[in-house]
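# Survey of secondary and tertiary structure
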Amino acid sequence: MTDPIRVEGLTVQYGRATACRDVTLSVAPGSVYALLGRNGAGKSSLIRCLLGEQRPTSGRALLFGEDSWRARRRAMERTGVVPEEPDAPAAMSARQLSDFCRSIYPRWDAAGVSARLQRFGVPPSTPFGSLSKGQKGEVMLSLALGHAPELLVLDDPTLGLDIVARRALFEEIVGELADRGTTVFLTTHDLAGFEGIATRVGILKEGRLVLDEETERLKSRFRRILYENQLTETRTAFGTELDAFDAVRVKVRGWGIDAVVSNFEEAAFARFREADGVENAQAEAMPLEEIFLAVAGEEKAKGDAK
Amino acid sequence: MKGFLAVTRREIVQRRLILAAAAVASFLPLAVPLVRGVSGAEAADTRSWAAFLLSAAFAIGLAVGSGASMLAPAIASRRIAFDFARPLSAFAIWAGHLIAAVILASLSAAVLLVPAGVAGAVIPWQALLVDAELPRLWPLLLLAGLLVLFAALHALSVMFRSRSPFVALDAVAALAIGFGFSAVLSRLPSFMADGPRTRAIWVFILSAGAALLLAGLASVARGRTDIRAAHRALSLVLWGSLAAALLGIHGYASWVLAARPADLKGFWASPAPAGSWGVVQGEARGARANFLYDTASGRFERIAVVDWRGPEISRNGKRAVWIEGRDHGGPFEILALALDDPKARPSRTRLFLEGYPSLMILSADGSRLATLERGVLSIHDLASARTLASARVAGDRTDVRGFFADNDTFRVYRQPEIIADKRGETRLEILELDAASKTLRETGGFTGAERLYLVANGSGDRVVATQYANREVWLLDGRTGAALARLAEGTEQTGRSPGFLADGRIVLSERSRRDARLRVFRSDGGEESIVPLPPAGSVALGGEVAPGKLVVALGEGPSYSVSLVGVEDGSVRRIADGLYPAARLAGFSYEINAGPTAGSEATKLFFQGRVLVRLDPSTGERRVILEARKP
C-alpha cells in the first residue's frame, strides 16, 4: 500500500533564506505523524509543499504516490486540511461553507458536518468571520472531516485554543482515528496533547529533519540520568562516563550531574551505576516535550559543558 | 466545471449585499431631475443620462474594485489556501472569481437601470454610439470589457502586493511593449495600409485582453499561496504573450509589406512613355500597393505614396520621383529612383514640400521637377536639390495642366474649373515659368472654349484641344494658343479622341451610332485621309507601334478587340481579341504630352482582364507580364 505521504529531498528557499533543507520522510497508512519544530523551523513551508500550495525549490512531496504540486486536485479529494490560520471566507456561515463543500466533493457528509458542529456548539448561521478562534478551528476541522478523508493534515490545530476547545478537538481526532484509521500528519507545539496519539515523531531544526522516529522507540531511548560524580570538580572534562548513552544535554548541578541521553540501555545503565565515582545514579523516562526541548532547544550538551 | 460553478456561486453569495446597494442606489436617478429643477422631456432625458452614468460607473467601479481586491490579497495573505486545500482546479478558482465579479457588476448595472427604465428612461445609445451595429453587440462588449478590467486590476494588484523589486521590470516591459507596438504600427501607415493597421490594432487589443486573462490564471495556477511566485508567473505570461503577439503583428506587417506585384488583387498599370518601366497600382494583402515595375526584367520597387498618386516617370523613362508617404504633417520629401541603373535604390532628394502637390511633372530627361502646391508652381532641380523658380499660377478653382517645353521652361495651360451648372465661354490661358529668369509670363490663350481636353505633341509646339461639351476639335499653337485649324465641328452625337503621330500628323477617332472611322490630318491641320473602322461602341487609340502603324481598340460593351491600322494605306487588321491598350495616345494626364513614344514598349502592353500582357503586333504572340491574384 502506498504511503499517503512521502517527502523526498525537499528544499524550500525564499531568496537567500532556506526554510527546509533536503527533508526526506514518509508517513505510513493509519499512522499519526507529529512534526515538531520551533517557530521558523520550516514546518509550514513543508506543509504548503505537501498540500501542493507551494512549489519546492528542489525535491518533491508526494501524496498517495503522486507529486502534490502536479496532482494536488486529485490528492485533495482524499485529504482533509486544518490550517494554522482558519482561512474560510469570512462572510460565509458554517452551513454555507458546508453547502459549498458539498458541491465540490464527490461524497460529502453534510449531516455529519452538521452533527459535528452541533457537538462543538458552533452556531451554523453565524458568519465565519464573527466566530471565536476556537469555533473557527472547529468549523475547519468539521469541514476537513466532511468528506471522510484518508489523510488529515493539521497545521498546529490547537494554536490559540482554550482547554475546552483543545479537548473537543482531540476527541474528534481520536474518534476519527478509531472509526476509520485515518492517517494524520500534524505539526504542533502542543506536545503533551498529542503525545498519546502520535505514532511517529519528526523534529525539524533550522530546516533540517534532525529526528524521525517511532514515538515509542524515541521515548525508550531518551532518558534523563541524574547522579553524583565525586570526580567532577577536579576534572577538566566530564561525562566520559556518559559516552555510551550519547548525551545530548549535560548540566553540572551543585549536587551532581543532570544529563539527557539519547541512547539509553538498561544493561549499559547497570554498568554505569557501578562505574568509578558514580553514586546514586537514577534514570527517568522523559515526556515528548522534554525530548523536543533537548533536541530542538538551544542548549547543547557540549555547550553547557563549556 | 462543477468547481467553477461552486466558486462562482460562493463569491456571488458572499457579495450579495452589493446587489442590495445597487437596488437602493437605483432610485437616485429619479431624484436628479428634481435636484436640477427640470420637467417634461428634459427630465426624462436627465433621468436617462443619470441612470446610464450611474450604472456604467457602478459596473466599472465594481470590476476595478473586485479585480484589485478579490484574489491578489487572498494570495498575498495565503487565504486562498482554503480553495487550494480543496479539489478545485486553478482554473475554477480564477474563472469562478472572475465570472462572479463580472456577473455582480453587470447585474448591479442592470438593477441600477430598472427604476429609471420603468419611469420611461432609455439608454442614450444614439448619443453614445455611432456604429449602428454596436447596440446589438453591447452586451458582449460590456462583458468583455469588464472581464479585461478585472484581469488588468488583478495584474496590477499582484504586482504591487508582491512588493518585489521586479515591478521595475514590469514597468520596463510595459514601456518596451508600448514602444514596440508603436514601432510596428508605424510600419502600417493609414495612407497605404488602413485595413491591416486596423486589424493589427484589434489583434493587439484582443491579445492584450487574452494575455491579461491568461496571466491572471497563471498567477493563480503557478503562484497558489506564494505572491512572489504569482507575480513571476503573471509577468512571464503577460509580457511573454504580449511579446509573442507583437512578434506576430510584426510578422503580419512584414508579410503585408513584402507583397510583390504578383500579389496584387486586380491592378492598374501605367507604362512610361519610353523604356520598359511603368507604375503598377492595386491592392495587395489588404493594403494599397504602388510599384515601379520593369516589364522587361520583372524588377520592382514598392513605393509608399499617399492615395493612388503613383510615382511620376520622365518621358525618357529613366527617372521616377514620388512624394514620401506619411500619415500626418509635413514637410514631405521628394524621393527618386534612377530606373536605368539596375543597382540603384530609392534616394532622398533633400527637396521638401509642405503639402501634397496637385500636379507633379518631370522634365523629359528627369533632371527637373515641376510641382503645383496650393496654387504655387515651382521648378526644382533634383541634382542640386534647389528650387529654381516659383510663381502663383492658380486660384482655388483653377484647372492647371502643362509640361516642360524645355528643361528651363514649364508651360502652363490654365483654365477656370467649369462647374456643371455654369457652363459658358471661358479663356484658356497659356503661361510659361522660366527657371533661368525666374519669371512667369503669359504667352497666349484661346477664347471661346468651354472646358477643354488637351493633347500636345512631343515637342509641345502644337496642341489639339477638344471641347468636352460638343466635341469640337481645334489645332492650336502650343505656345500662343492661336487657332491653326478646326479639325472637326461640334456635334454631341460623335465621340472623338485625338492624338499625335511621331511624324507630327494628327489622328482623330470618331464614333457615332452608325459607324466609326479614323481621320488623319497633316501637321498643319489639313485633312489627309479617312480610314473606315468597323462599327464599335467605343474607340481607344493605343500607341504607334511602328511609324504609321497605330493600335486601335474597338469596344462593344465590356469587350474590346485590337486592330492595327495603317494610316498610310488605310488598312485595318484585327490582331487580337479581349485586349485593351495599357498606354493611350489620348490618355488622361495633367501632363498633356505624356502619350507613349512611337515604337516604345508601352505601345505593346495590353490589359487582358486581370492580366497585363505584351503583344507583338507583327506576330500576334502574347506574353504574360503580370497576373492579378485571384480574389
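The structure we're discussing is the one just above.
Rules used throughout
Residues numbered from 1 in each chain as written. Chains lettered and ligands numbered in written order. Predicted model: local features only at pLDDT ≥ 70, side-chain atom pairs only at ≥ 80, totals over all residues. Helix = DSSP H or I, 4+ residues; strand = E, 2+ residues; numbered from the N terminus. Buried ≥ 20, exposed ≤ 12 C-beta atoms within 10 Å, placed from the backbone. Contact = placed C-beta atoms within 7 Å. Pairing = 2+ DSSP bridges. Axes fitted to C-alpha atoms, helices over the stretch in contact; angles between N-to-C directions. Nonpolar A, V, L, I, M, F, W, Y, C, P; charged D, E, K, R; others polar. Expected span 1.5 Å × (residues − 1). Core = buried A, V, L, I, M, F, W, Y, C linked by C-beta atoms within 7 Å. Parallel < 35°, antiparallel > 145°, perpendicular 65-115°, else oblique. Left-handed = near helix turned anticlockwise from the far one by under 90°.

## Here's the deal with the overall build of chain A
A tally of helices and strands in chain A yields 11 helices and 14 strands. Projected onto its principal axes, the C-alpha coordinates of chain A cover approximately 75 × 40 × 35 Å. Taking all 306 residues of chain A together, 43% fall into the buried category. Considering only contacts within chain A whose residues lie at least 6 apart along the sequence, 70% involve residues at least 24 apart.

## Re the sheet that holds strand S22 (residues 506-511) of chain B
Residues and elements named next belong to chain B. Taken together, the four strands give an open sheet; going across it, the order is S21-S22-S23-S24, and neighbouring strands pair in antiparallel fashion. Every other strand in the sheet has two partners, leaving strand S21 (495-500) and strand S24 (527-533) as the edge strands with one partner each. Strand-to-strand twist in this sheet, taken as the mean axis angle between neighbours without regard to direction, amounts to 20 degrees. Bridging between S21 and S22 involves six bridges; their strand directions are antiparallel. Within S22, the residue paired with Gly495 across the bridge is Arg511.

## Some remarks on the interface of chain B and chain A
Where interface size is given, it is often the accessible area lost as the parts come together that is meant. The interface is formed by 19 residues belonging to chain B together with 22 residues belonging to chain A. At the level of secondary structure, the elements contributing two or more residues to the side of chain B that touches chain A comprise helix H1 (2-14) and helix H6 (81-84) of chain B. Among the elements that take part in the side of chain B that touches chain A, H1 of chain B stands out by supplying six residues, more than any other. For the side of chain B that touches chain A, the class distribution of residues is nine nonpolar, four polar and six charged.

## Here's the deal with the pairing of strand S12 (residues 247-252) of chain A
Residue and element names in this part refer to chain A. Here five bridges tie S12 to strand S13 (residues 257-261), and the two strands are oriented antiparallel to one another. Bridge assignment links Arg249 to a residue of S13, and that residue is Val260. Linking S12 to S13, which pair antiparallel, is a turn of four residues; within it Gly256 sits at a positive phi near 160 degrees.

## Notes on unusual backbone geometry
A negative phi angle characterises most non-glycine residues, just as the trans form characterises most peptide bonds. Even without a glycine there, the phi angle at Asp246 of chain A is positive, about 55 degrees. Locating Asp246 of chain A in the fold gives a position in the loop between strand S11 (223-229) and S12. Given 14 C-beta atoms within 10 Å, Asp246 of chain A falls into the partly exposed group. Its identity is not glycine, yet Arg374 of chain B carries a phi of approximately 50 degrees, on the positive side. Mapped onto the secondary structure, Arg374 of chain B falls in the loop between strand S10 (368-373) and strand S11 (376-381).

## Some remarks on helix H5 (residues 133-145) of chain A
Spanning 13 residues, H5 of chain A covers 18 Å between terminal C-alpha atoms, matching the ideal 18 Å at 1.5 Å per step. Buried residues dominate H5 of chain A, accounting for 12 of its 13 residues.

## Brief notes about the nonpolar core
Counting 269 residues, the largest nonpolar core has Leu50 and Val139 of chain A together with Ala101 and Phe150 of chain B as the members making the most contacts within it. Take this core: its biggest share by element is 15 residues, from helix H7 (residues 90-118) of chain B. In this structure, Phe150 of chain B is in contact with Ala63, Ser66, Gly67, Leu98, Ala101 and Val102 of chain B, ignoring residues within four places of it in sequence.

## Some points on the packing of helix H4 (residues 110-120) of chain A against H5 of chain A
All names here are of chain A. Running from N to C, H4 and H5 cross one another at 155 degrees; their axes reach a closest spacing of 9 Å. Considering their axes alone, H4 and H5 lie roughly antiparallel with respect to each other. H5 is crossed by H4, and the crossing has right-handed handedness. On the side of H4, the interface is formed by Val113, Arg116, Leu117 and Phe120, while H5 contributes Glu138, Val139, Ser142, Leu143 and Leu145. Here the contact of H4 with H5 is built from residues that sort into six nonpolar, one polar and two charged.

## Overview of the sheet that holds strand S17 (residues 452-456) of chain B
Residue and element names in this part refer to chain B. Strand order in the open sheet made by the four strands is S17-S18-S19-S20, with antiparallel pairing throughout. Unpaired on one side and paired on the other, S17 and strand S20 (483-488) mark the two borders of the sheet. Averaged over neighbouring strand pairs, the angle between their axes works out to 25 degrees when direction is ignored. In this structure, strand S19 (residues 473-477) lies alongside S20, joined through four bridges in antiparallel fashion.

## Things to note about the environment of Gln135 of chain A
Its place among the elements puts Gln135 of chain A in helix H5. Taking C-alpha positions, Gln135 of chain A is 8.9 Å from Pro123 of chain A, a pair spaced 12 residues apart along the chain.

## Examining the packing of helix H2 (residues 16-25) of chain B against H7 of chain B
Residues and elements named next belong to chain B. The contact between H2 and H7 brings their axes to 8 Å, and the two run at 20 degrees. The orientation of H2 relative to H7 falls into the category roughly parallel. Note on packing geometry: the crossing formed by H2 with H7 is right-handed. Packed against H2, whose contacting residues are Ile18, Leu19, Ala22, Ala23 and Ala25, the element H7 presents Leu104, Leu107, Ser108, Val111 and Leu112 at the interface. The residue inventory of the contact of H2 with H7, partitioned by class, reads nine nonpolar, one polar and no charged.

## Quick notes on the environment of Gln54 of chain A
Note on placement: Gln54 of chain A falls in the loop between helix H1 (43-50) and strand S4 (58-63). Residue Gln54 of chain A is classed as buried on the basis of its C-beta count, with 26 C-beta atoms lying within 10 Å. Each C-alpha atom of the pair Gln54 of chain A and Ser31 of chain A lies 25 Å from the other, and the pair is 23 residues apart in sequence. In this structure Gln54 of chain A touches Ser45, Arg48 and Cys49 of chain A together with Arg224, Thr225 and Asp226 of chain B, once residues within four positions along its chain are discounted.

## What to know about the pairing of S22 of chain B
All names here are of chain B. Taken across its six residues, S22 has six buried, putting it largely inside the fold. Where burial is concerned, the two faces of S22 agree: the one with Ile506, Leu508 and Glu510 and the one with Val507, Ser509 and Arg511 are both buried. Between the end of S21 and the start of S22, which pair antiparallel, lie five residues, with Gly504 showing a positive phi angle near 100 degrees. Pairing of S22 with strand S23 (residues 516-521) involves six bridges; the strand directions are antiparallel. Note that in S23 the partner of Leu508 across the bridge is Arg519. Taking the residues that link successive antiparallel strands as the turn, the S22-S23 hairpin has four residues.

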